[in-house]
Amino acid sequence: MNFKNFREYLSWLYFQYLLITGIYVLEPWEKSIFNSVLFSAIAMVVYTSYVFIPIHMRLALEFFHEIFGGQPESTMTLMN
Amino acid sequence: MARSTNGDSLKQLNHNGLKWDDSGKNGYHKKPAEQKHGAGNGVASRQNKQESFEQAPMYVAVCTYMGFGIVTLFGYFRDFLRAVGLEKCNLAQEREEQKDFVPLYQDFENFYTRNLYMRVRDNWNRPICSLPGPVFDLMERVSDDYNWTFRFTGRTIPNVINMGSYNYLGFAENNADFLKTVADKVQQYGAGVCSTRQEIGNLSIHEELEQLVANFLGVESAMTFGMGFATNSMNIPALVGKGCLILSDELNHTSLILGARLSGATIRVFKHNNMHSLEKMLKEAICCGQPRTHRAWRKILIMVEGIYSMEGSVVRLPEVIALKKKYKAHLYLDEAHSIGAVGATGRGVTELFNVNPADVDVMMGTFTKSFGASGGYIAGKKELVDYLRCHSHSAVYASAMSPPVTEQIIRAIKCIMGKDGTTEGIRRIRQLAENTRYFRARLKEMGFIIYGNDDSPVVPVLLYMPGKVVAFAREMLQRKIGVVVVGFPATPITEARARFCVSAAHTRAMLNQVNTVTSLQWP
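No experiment lies behind these values; they were computed from the predicted model shown.

J.: Is there a simple way to think about the overall build of chain A in this case?
T.: Summing up its helical and strand segments, chain A has three helices and zero strands in all. The burial tally for chain A puts 16% of its 80 residues in the buried class. Per element, the accessible surface of chain A, about 6,600 Å² overall, is 72% carbon and sulfur.

This is the structure in structure tokens:
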């Protein structure tokens, strides 16, 4: 389709979001309530992943390294 | 047929600047293997036509349920606000003194009306201020408080393309030449009959109409009634009673269901158009008989419709007749939408399938759809119709059909049969068939899911989600096309649809415009 600019594309995306979730039939203040609840839920998910995912990834990598990669390093290579 | 140009039609779709990739950006693309079409347009190839009832992808059903769930949650929220008193309740409520009585408005239907239907009810009951021809005028209606009340701005919306009226052959017209005989009859008989058929309401024009209907259908005799719904609901009780069995299709119209319930017979429902289900039920009925006493059923009546108005599917008449003859049952065929609209000369599904009309025991139809009038008829053998004249509630108690309406039907039938000396009737029938094929083929090319047989002028386009249904109706009206959208109580909850009714009076340009606008809706 021809979208004259990016803003029109964004407003079409918002319209599709309204239709798919069924929010389209609600009154504007109800739409705001739903949007704010959804946005805060997504924001909390993003924040939690930002805080916890690096730590969990590091712990997981260490765990698997211990199981599979716990070979003793040879002293010969270290001395050379 | 447009089907055969499938290859280059995909390139033609770019005329409105849209690119179509095969994932079907406007939704729910069909797999080509499912489409089978008989070669040629002859009657014999009708048996090859497949009816498609394609299922939508899973994510669509999930989104539909999610949409309903969210709006239901908000409905509970609003009900809570109303109960607490933060919001005024605009619908009926119990009085203070009655708050301890059995609650009146707490069932699901009232909840649904309050919280879902009221939000979007501007799409229904739109007032029309012209005749319902191929284009019509609507009164402009706005609401200041989200559809609780409406007010008219005083303007009309002129020349809205009418895709909702059952005006299949275009007889809803106000051309003075065509309506001359109707005006003459009003001069002669007046406008009202002021009596029932059995008292002093049996006019000579009624006899003429019944004779004409019997000739048109190729049966011995016919009887007409003033209202189509009442024809079904008041005559089925006269035909069957206790001790009889009614086998009724799953998707039968409310008038048939009401008539069946009023009759007191046992009702069993078979799956829609499914001959195995019907045969199984017939076998069981013959073998086991009535439920406790195991006596034979007094009568077995199979009730089907010619075209089902919500799906656009056509009954499998030859197979039903074969079953009926094998198991010695009777057949009641309701041709409300199919009379005048299908068949090479408009005689309905019996002509479509090349079946002898004498094989159908009771042929019923209405004049509301293809003939542009109102009322219904029952036709069949002379003994049957004579019996109904005495024993039908509608004949004894309902007021007779009024003379101008009767004359309108007479002139419409004469036009279709060619008895008025012109080829206008056959031209309209051919135009309707061509419009139907063209419209369906174009919509299928665009990738919409469309139910039903390729011959039926009723075209349901599946939209599924409640938000889409509402947005579709509003956007189409903004672009001056009037459509009928149907949602939950009339259809299953996940299958909301928009129903187009093609008419012989639509020109190719109108259909093209509807197609263009429809394709713009789902970019």
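J.: Which parts of the structure should I look at to understand the sheet that holds strand β1 (residues 135-142) of chain B?
T.: Strand pairing within a sheet occurs via backbone hydrogen bonds; the two strands may be parallel or antiparallel. Residues and elements named next belong to chain B. Pairing in this open sheet of three strands is mixed, and the strands run β1-β2-β11 from one edge to the other. The sheet is open, and its two borders are formed by β1 and β11 (481-482), each paired with just one other strand. In terms of strand pairing, β1 meets strand β2 (residues 151-162) through six bridges, oriented antiparallel. Pairing of L138 across the sheet is with I157, part of β2.

J.: Would you explain the pairing of strand β5 (residues 266-270) of chain B in this entry?
T.: Each regular strand shows side chains that alternate between the opposite faces of the sheet. All names here are of chain B. Pairing geometry for strand β4 (residues 245-249) and β5, over five bridges, is parallel. Bridged to D249 within β5 is F270. In this fold, the crossover linking β4 to β5 by way of helix α7 (residues 254-263) has right-handed handedness.

J.: Would you take a moment to explain unusual backbone geometry for this structure?
T.: Most peptide bonds take the trans configuration, and most residues that are not glycine carry a negative phi. Residue and element names in this part refer to chain B. Here K328, not a glycine, exhibits a phi torsion of approximately 55°, which is positive. Its place among the elements puts K328 in the loop between α9 (317-327) and β7 (330-334). Backbone geometry places K480, a non-glycine residue, at a positive phi of 65°.

J.: What is the right way to read the UniProt feature "transmembrane region" (unreviewed entry) in chain A from this model?
T.: Residues and elements named next belong to chain A. Within this structure's numbering, the places UniProt gives as "transmembrane region" (unreviewed entry) are residues 9-26 and 32-53. In residues 9-26, helix accounts for 72% and strand for 0%; the two terminal C-alpha atoms are 23 Å from one another. A helix fraction of 100% and a strand fraction of 0% characterise residues 32-53, whose end C-alpha atoms lie 31 Å from each other.

J.: Sorry, what's going on with the interface of chain A and chain B here?
T.: Note on interface size: it is often stated as the accessible area lost on association of the parts. Each side of the interface is counted separately: chain A has 18 residues, and chain B has 23 residues. Together, the buried faces of chain A and chain B total about 1,900 Å²; carbon and sulfur atoms form 70% of this surface. At the boundary of chain A with chain B, the tally comes to three salt bridges. Across the pair B:R119 and A:E30 runs a salt bridge whose closest N-O atoms are separated by 2.8 Å. For the pair chain A and chain B, the interface holds three residue pairs in polar contact (both at pLDDT 80 or more).

Parameters and conventions
- Residues numbered from 1 in each chain as written.
- Chains lettered and ligands numbered in written order.
- Predicted model: local features only at pLDDT ≥ 70, side-chain atom pairs only at ≥ 80, totals over all residues.
- Heavy atoms only, no water.
- Helix = DSSP H or I, 4+ residues; strand = E, 2+ residues; numbered from the N terminus.
- Buried < 20%, exposed > 50% of the residue type's maximum accessible area, 1.4 Å probe, protein only.
- Areas by Shrake-Rupley, 256 points an atom, 1.4 Å probe, with all protein chains shown as cover.
- Pairing = 2+ DSSP bridges.
- Right-handed = clockwise from strand over helix to strand, strands pointing away.
- UniProt positions renumbered as here; feature names shortened; annotations may be inferred.
- Contact = heavy atoms within 4.5 Å.
- Buried area = accessible area lost by both parts, 1.4 Å probe.
- Salt bridge = Lys/Arg side-chain N within 4 Å of Asp/Glu carboxyl O.
- Polar contact = N/O pair within 3.5 Å; in protein donor to acceptor, adjacent residues only side chain to side chain.

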